[in-house]
Every structure is written in C-alpha cells, then in structure tokens.
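Notes for the structure review
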Amino acid sequence: MPKIGMEPIRRKALINAAIEAIHARGSYDVTMSEIAREAGVSTALAHHYFGSKDQLLLATMRHLLNELGDDIVAALEAAETPRQRITGIIRANFGSDQFRPATISAWLTFYVKAQGSGPARRVLSVYARRLRSNLCHALKQITDRDSAKRIAEGTAAMIDGLYLRHALLDSDPDREAAIRLTEDYVDAQLTTGAPR
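So, here is what we can say about the structure in this document. (Residues numbered from 1 in each chain as written. Predicted model: local features only at pLDDT ≥ 70, side-chain atom pairs only at ≥ 80, totals over all residues. Heavy atoms only, no water.)

A few words now on the layout of surface pockets. In this structure, the largest pocket spans a volume of roughly 200 Å³. Elements that contribute at least two residues to the lining of the largest pocket include exactly α6 (101-114) and α8 (145-167). The biggest single contributor to the lining of the largest pocket is α6, with five residues. There is about 170 Å³ of room inside the second largest pocket. Taken together, L68, N93, Q98, W107, L108, Y111, Y127, I159, D160, G161, Y163 and L164 make up the lining of the second largest pocket. Elements with a contribution of two residues or more to the lining of the second largest pocket: α6 and α8. The element contributing the most residues to the lining of the second largest pocket is α8, with five residues. Its residues assigned to classes, the lining of the second largest pocket shows eight nonpolar, three polar and one charged. (1 Å grid on protein atoms, 1.4 Å probe; cavity = no way out; pocket = protein on both sides within 12 Å on 5 of 7 lines; lining within 4 Å. Points joined across faces, edges and corners; volume = space filled by probe spheres on them. Helix = DSSP H or I, 4+ residues; strand = E, 2+ residues; numbered from the N terminus. Nonpolar A, V, L, I, M, F, W, Y, C, P; charged D, E, K, R; others polar.)

Have a look at this one:
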C-alpha cells in the first residue's frame, strides 16, 4: 500500500530527475528508465505518475515555468517603480534555480522539442507571451507604446540568447553578468527611445 502524501514528493523527484537526466545526456533522448533511476524509483512508478516520457517532460516544462512565474510575481510585488519591475523580471529569469547548467540544458532541449510538438510549443508560447506582456506593461509606463513593444521584444531575445550562449560554454553561467548585460540593453534603449 502506498504511503499517503508520497505522490507529490515522487512527482517532484521525477521532474528534478528529468532535468538532471536531460543535462547528463545532452538531449531530449533520455529514457523513462534513465529518469526513474536518477529519481531512485522504478520505471513502472514513473509511468504510473506521468504515463509517458513526453508527459513527464511536459510536466517538467510546466514546473519550471511555474517556478519562474512565482519568482516574477514576487519580484513585481516587491518593485515600487516601473523600472524596478523590469529589473525584477530580468533578475527572476536569471534566478539561481533557473540559470544553472542543468536547467539551461533542459530549457534548450524543450525549445528544440517545441519545434515538432504542439503541446510543448503551446507551453513555451505561454512563457513568451507572459514575458513580453510583463515587460511591456512596465515599459509603457516609462516610454511610448511602440518603443515599449520593441524594447520588450529585444529584452526577451537577450534573455533567450544568453541562455543559449551559456549552454555552449564549459563554465558555470554567470547570472550577475547576464543580468548586467540585459539591464545595459534596457537602459540603452530607454535612453535612445522616446520617453514620456
């Protein structure tokens, strides 16, 4: 008989194991048994909780996005000005749980998977829309609408691009350098834009 309350713990362990297994393998081609072994559970139990590898990896994407969303909400609540909200969004995207080698590997693998998977594409589309929307909302309070859209798009591209660049490096990602670079971009764009 299963222990009461174990399901959420095991599901979380499998999600964490999926991230680590993707990183170790360097691709989406991990097996359910590799993930289960990393989590310390049987392959049958992994299938019981998620059904298939694709469902587990989709749950992993959602989990990472929920964590990021929680971090962004906390940053937005703590911010007192529109510019601080922009900084909060940037810092959350490069948070220590998100901007670490294993999670970066997982994100890049999910982007590749999204090219051929409708469900994965939809999950990533939600992330992209939320990021642009959060940035635009803050930017519209300090510059005109067109500039806000352009700067938000560029900032989102910087964030995604820095994930890609750090995935290709052999060293640990430098989150503070990534934050500074993205902040510099925003400041430069606001300086050359048309402030209200």
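Membership of the largest hydrophobic core comes to 59 residues, with the highest contact counts inside it found for L14, I35, F50, L56, F94, F110 and L139. Dropping the residues within four chain positions of it, F110 is found in contact with I22, L57, T60, M61, L64 and L124. (Core = buried A, V, L, I, M, F, W, Y, C linked by side-chain atoms within 4.5 Å. Buried < 20%, exposed > 50% of the residue type's maximum accessible area, 1.4 Å probe, protein only. Contact = heavy atoms within 4.5 Å.)

What follows covers the environment of G51. Tracing the sequence through the fold places G51 in the loop between α3 (43-50) and α4 (53-78). Given a relative accessible area of 44%, G51 falls into the partly exposed group.

Before going further, it helps to spend a moment on the packing of aromatic side chains. Evaluated as defined, the whole model comprises five aromatic pairs. With a centroid separation of 4.9 Å and 80° between ring planes, the pair formed by F94 and F99 is classed as edge-to-face. Looking at F94, the relative accessible area reads 0%, which means it is buried. In textbook terms, an aromatic cluster arises when at least three aromatic residues are bridged by ring pairs, as seen for F94, F99 and Y163. (Phe/Tyr/Trp six-rings, centres within 6.5 Å; stacked < 30°, edge-to-face > 60°.)

According to the stated counting rule, one finds nine salt bridges in the structure shown. Between E7 and R11 there is a salt bridge whose closest N-O contact spans 3.9 Å. Pair noted here: E7 and R11 are both in helix α1 (residues 6-25), with a separation of four residues, about one helical turn. Its relative accessible area of 28% is what places R11 among the partly exposed residues. One salt bridge connects R100 with E20, and the closest N-O pair in it is separated by 3.1 Å. Taken as a pair, R100 in the loop between α5 (82-93) and α6 and E20 in helix α1 lie far apart in primary sequence, 80 residues in all. Residue R100 is classed as partly exposed on the basis of its relative accessible area, which comes to 29%. Taking the relative accessible area as the measure of exposure, E20 reaches 28% and is therefore partly exposed. Each of R83, E183 and D187 takes part in one network of salt bridges that share partners. (Salt bridge = Lys/Arg side-chain N within 4 Å of Asp/Glu carboxyl O.)

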